[in-house]
Amino acid sequence: MQSITITRPDDWHLHLRDGETLRAVLPDTARRFARAIVMPNLKPPVRTTEDARAYRDRILAAVPAGMQFEPLMTLYLTNNTEPAEIARAKASGIVHAVKYYPAGATTNSDMGLTDLTNGYAVIAEMEKHGMPLLVHGEVTDPSVDIFDREAVFIERHLIPLTQAFPALKIVLEHITTQQGAEFVANAPANIAATITAHHLLYNRNAMFQGGIRPHYYCLPILKREQHRLALVKAATSGSVKFFLGTDSAPHPKNAKESACGCAGMYTAHAAIELYAEAFEKANALDKLEAFASFNGADFYGLPRNTDTVTLAKESWLAPAEISFGADKLIPLRAGEQLGWRIV
Ligand SMILES: NC(=O)N[C@@H](CC(=O)O)C(=O)O
Ligand SMILES: [Zn+2]
Ligand SMILES: [Zn+2]
């Protein structure tokens, strides 16, 4: 049977939530990944180094016995973030980035910046301290078509940001378009991007196959095939600017299967397996290790992991549902076959 062994990967974009839902999902990630950049969009968000420290302690307390997992914390940039918070965050050694959500762009983004320039005093400190800015890159202008929101964000906000702060480390999170992939590929070394497994595997038809499929709804929304192909090309190109970020984003089943369902796909139960599938389809399994296990660590200035994981080409059934506190969670490929299994 075919198998591959790679350095243990890290997940550079993950939603772990909190409380009993944190305890429900964390084992899936800890089984596969050594570390993860943990998104701060809790309610209320993780705004200060002290919030991050407390959240980190709750995550560590939820790691199952016998597993090793290191949460890499982030702060949520608000209109009220103090520039002085950045030096505190840097000195803590536990905060690795600051996340920018345009207000209203996605799940729990209502405390985000109403205008990116409101964050410029804080961002100046980040540039000075080498603290990466993680960007949810979509405009919120309701007159912009939902499928164009990433491309318009790059033109209207990201290019001016890079001109104002040329040395700022930026990760354009969960890129979904050819424009996103090309912008990052052509940018200087301080600008990188994460790519999800679902954006490598699916185009927007997946949301409408035989009817409306809420479990394929996430933000940024799945795009046309042309864009999926551009993401596959970027991820498998060997460029060090692209790395793994699942954006696994669990929501209760009834919040997804609703007249106004929320955005987010849960992929942590099969994360590295789904990436293996995407890389295999592109005939690029030899590029998986750098994408999953080297490029992100190098960009963040962290050591690469030293242990390994092995994936076997062996089919298994994804669970039909996962218990999620008092609710249920429907994972990607629920009840369907997966072609790679973690050994
Ligand atoms: N990706 C999503 O669709 N949802 C994320 C938020 C985000 O990453 O934008 C979530 O927190 O649910
Ligand atoms: Zn996002
Ligand atoms: Zn996310």
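Residues numbered from 1 in each chain as written. Chains lettered and ligands numbered in written order. Predicted model: local features only at pLDDT ≥ 70, side-chain atom pairs only at ≥ 80, totals over all residues. Heavy atoms only, no water.

The name an unreviewed UniProt entry gives the chain is Dihydroorotase, with Sulfuriferula nivalis as the organism. Regarding the chain, the relevant UniProt record gives this comment under Sequence similarities (unreviewed entry): "Belongs to the metallo-dependent hydrolases superfamily. DHOase family. Class II DHOase subfamily." Under Catalytic activity (unreviewed entry), UniProt gives the following word-for-word description of the chain: "(S)-dihydroorotate + H2O = N-carbamoyl-L-aspartate + H(+)". (UniProt positions renumbered as here; feature names shortened; annotations may be inferred.)

A separate point is the environment of His198. With respect to the helices and strands, the residue His198 is situated in helix α7 (residues 197–201). With 107 residues separating them along the chain, His198 and Asn305 place their C-alpha atoms 24 Å apart. The contact partners of His198, leaving out residues within four places of it in the chain, are Cys218, Leu222, Thr246, Asp247, Met265, Thr267 and Leu332. (Helix = DSSP H or I, 4+ residues; strand = E, 2+ residues; numbered from the N terminus. Contact = heavy atoms within 4.5 Å.)

With that settled, consider the site of ligand 1. What surrounds ligand 1 is a group of 15 residues, the closest being Asn41, Thr106, Leu219, Asp247 and His251. With respect to ligand 1, the side chain of Asn41 contributes an N or O atom lying 2.8 Å from an oxygen atom. Residue Asp247 places a side-chain N or O atom 2.7 Å away from a nitrogen atom belonging to ligand 1. When isolated, ligand 1 has an accessible area of 310 Å², and the protein chains bury 100% of it. (Near = heavy atom within 4 Å. Polar contact = N/O pair within 3.5 Å; in protein donor to acceptor, adjacent residues only side chain to side chain. Areas by Shrake-Rupley, 256 points an atom, 1.4 Å probe, with all protein chains shown as cover.)

With the rule as written, the count across this model stands at 17 salt bridges. Of the charged contacts, one joins Arg8 and Asp307 as a salt bridge, the two residues approaching to 2.8 Å between their closest N and O atoms. Of the two residues, Arg8 sits in the loop between β1 (3–7) and β2 (11–14) while Asp307 sits in the loop between α11 (288–300) and β10 (308–317), which places them 299 residues apart along the sequence. The exposure class of Arg8 is buried, given its relative accessible area of 17%. Between Arg304 and Asp298 there is a salt bridge, with the nearest N and O atoms lying 2.7 Å from each other. Taken together, the salt bridges that share partners define one network made up of Glu82, Glu85 and Arg88. (Salt bridge = Lys/Arg side-chain N within 4 Å of Asp/Glu carboxyl O. Buried < 20%, exposed > 50% of the residue type's maximum accessible area, 1.4 Å probe, protein only.)

This next bit is on the sheet that holds strand β13 (residues 337–342). Across the sheet, which stays open at both edges, the 3 strands sit in the order β1-β10-β13 with antiparallel pairing between neighbours. Edge positions in the sheet fall to β1 and β13, since each has one partner strand and no second. Put simply, the sheet's adjacent strands are angled 35° from each other on average, direction ignored. Two elements, β1 and β10, share 5 bridges in a ladder whose sense is antiparallel. When the bridges of β10 are listed, Thr5 appears paired with Thr310. Along the sheet face, α11 touches β1 and β10 and points at about 25° away from the line of β1. (Pairing = 2+ DSSP bridges. Axes fitted to C-alpha atoms, helices over the stretch in contact; angles between N-to-C directions.)

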